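An overview of the molecular structure
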Amino acid sequence: MADIKEARAIAKYVRTSPRKAAKICDLVRGKNIEEALAILKFMPNNGAEIIAKVVKSAAANAENNFEMDKNKLYISKVWANQGPTLKRFMPRARGSAAPIRKRTSHIEVFVQER
C-alpha cells in the first residue's frame, strides 16, 4: 500500500489532558473534514477548538503539499498522546502541600483522500 498518500498535522504541548482530548478525537475519527469541523464547532469542550485547528492544518497540508482534493478528504487517524506534566503544589492544612498535575497532550491528525 505504498500508493496511499497521507497528510498530517501535530499540535504539541496542548494544555488539556490526553484523556479529555481522546474523547473528542473518537467523535471525529473517520469523518469527512467538513463534517468533523461542524461537530467540533458546536462542542462545549475546551479541547474541541484546538483539535479543530489541527484538523484545518492537516487539511491545508494535504491540499498544498500533496495536491489532494479538499472535498474528498477525511480524517483517517487522530489521537491524543500524553505530553509532559507540569507539577505544581497547593498549600494544605498544617503546613503540608498537595500535588497538582497539569497534564499536556500531543494531538496528531492524519487525513487521506476517499
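Residues numbered from 1 in each chain as written. Predicted model: local features only at pLDDT ≥ 70, side-chain atom pairs only at ≥ 80, totals over all residues. Heavy atoms only, no water.

An unreviewed UniProt entry lists the protein under the name Large ribosomal subunit protein uL22, from Criibacterium bergeronii. Annotation of the protein in UniProt includes, under Subunit (unreviewed entry), the sentence "Part of the 50S ribosomal subunit." As stated in UniProt under Sequence similarities (unreviewed entry), the record for the protein gives "Belongs to the universal ribosomal protein uL22 family." (UniProt positions renumbered as here; feature names shortened; annotations may be inferred.)

A word on the environment of L37. Within the fold, L37 resides in helix α2 (residues 33–41). L37 sits in the partly exposed class, given a relative accessible area of 22%. The spacing of L37 and E113 is 76 residues in sequence and 16 Å in space, taken between C-alpha atoms. (Helix = DSSP H or I, 4+ residues; strand = E, 2+ residues; numbered from the N terminus. Buried < 20%, exposed > 50% of the residue type's maximum accessible area, 1.4 Å probe, protein only.)

This paragraph deals with the packing of aromatic side chains. Counted by the stated rule, this structure contains 1 aromatic pair. With 5.4 Å between their ring centres and 45 degrees between their planes, W79 and F110 make a pair best called tilted. A residue pair is termed long-range when its members are at least 10 positions apart, and W79 in strand β2 (residues 73–82) and F110 in strand β5 (residues 105–113) qualify at 31 residues. Here K77 stacks its cationic end above the ring of F110, 4.7 Å away from the centre of that ring. Geometry around Y74 places R114 over its ring, the cationic atom sitting 4.2 Å from the centre. (Phe/Tyr/Trp six-rings, centres within 6.5 Å; stacked < 30°, edge-to-face > 60°. Lys NZ or Arg CZ within 6 Å of the ring centre and 35° of its normal.)

Turning next to the packing of helix α1 (residues 18–28) against helix α3 (residues 46–65). Interhelical geometry of α1 versus α3 gives an angle of 60 degrees and a closest axis separation of 9 Å. With respect to α3, the element α1 is oriented oblique. Considering only the axes of α1 and α3, their crossing is right-handed. Packed against α1, whose contacting residues are A21, I24 and C25, the element α3 presents G47, A48 and I51 at the interface. Across the contact of α1 with α3, the residue classes tally to 5 nonpolar, 1 polar and no charged. (Axes fitted to C-alpha atoms, helices over the stretch in contact; angles between N-to-C directions. Parallel < 35°, antiparallel > 145°, perpendicular 65-115°, else oblique. Left-handed = near helix turned anticlockwise from the far one by under 90°. Contact = heavy atoms within 4.5 Å. Nonpolar A, V, L, I, M, F, W, Y, C, P; charged D, E, K, R; others polar.)

Working note: regular strand, side chains alternate between the two faces of the sheet. The buried count for strand β3 (residues 86–91) comes to 0 of 6 residues, which makes it a mostly uncovered element. One ladder, built from 6 bridges, connects β3 with strand β4 (residues 97–102); its direction is antiparallel. Its bridge partner being in β4, P91 is matched across the sheet by A97. Here β3 folds back onto β4 in antiparallel fashion, the turn holding 5 residues, of which R94 has a positive phi close to 55 degrees. (Pairing = 2+ DSSP bridges.)

Bringing α2 into the picture now. Residues lying three or four places apart along an α-helix face the same way, a consequence of the helix completing one turn every 3.6 residues. Along α2, the residues classified as buried are I33, A36 and L40. In an axial view of α2, the angular spread of the buried residues amounts to 65 degrees, which keeps them on one side of the axis. (Arc of directions from axis to C-beta.)

A few words on unusual backbone geometry. A positive phi angle is found at Y13, which is not glycine, with a value near 60 degrees. Positive phi, normally seen in glycine, also occurs at E67, with a value near 50 degrees. Assignment of secondary structure puts E67 in the loop between α3 and β2. Exposure remark for E67: the relative accessible area of 64% places this residue in the exposed category.

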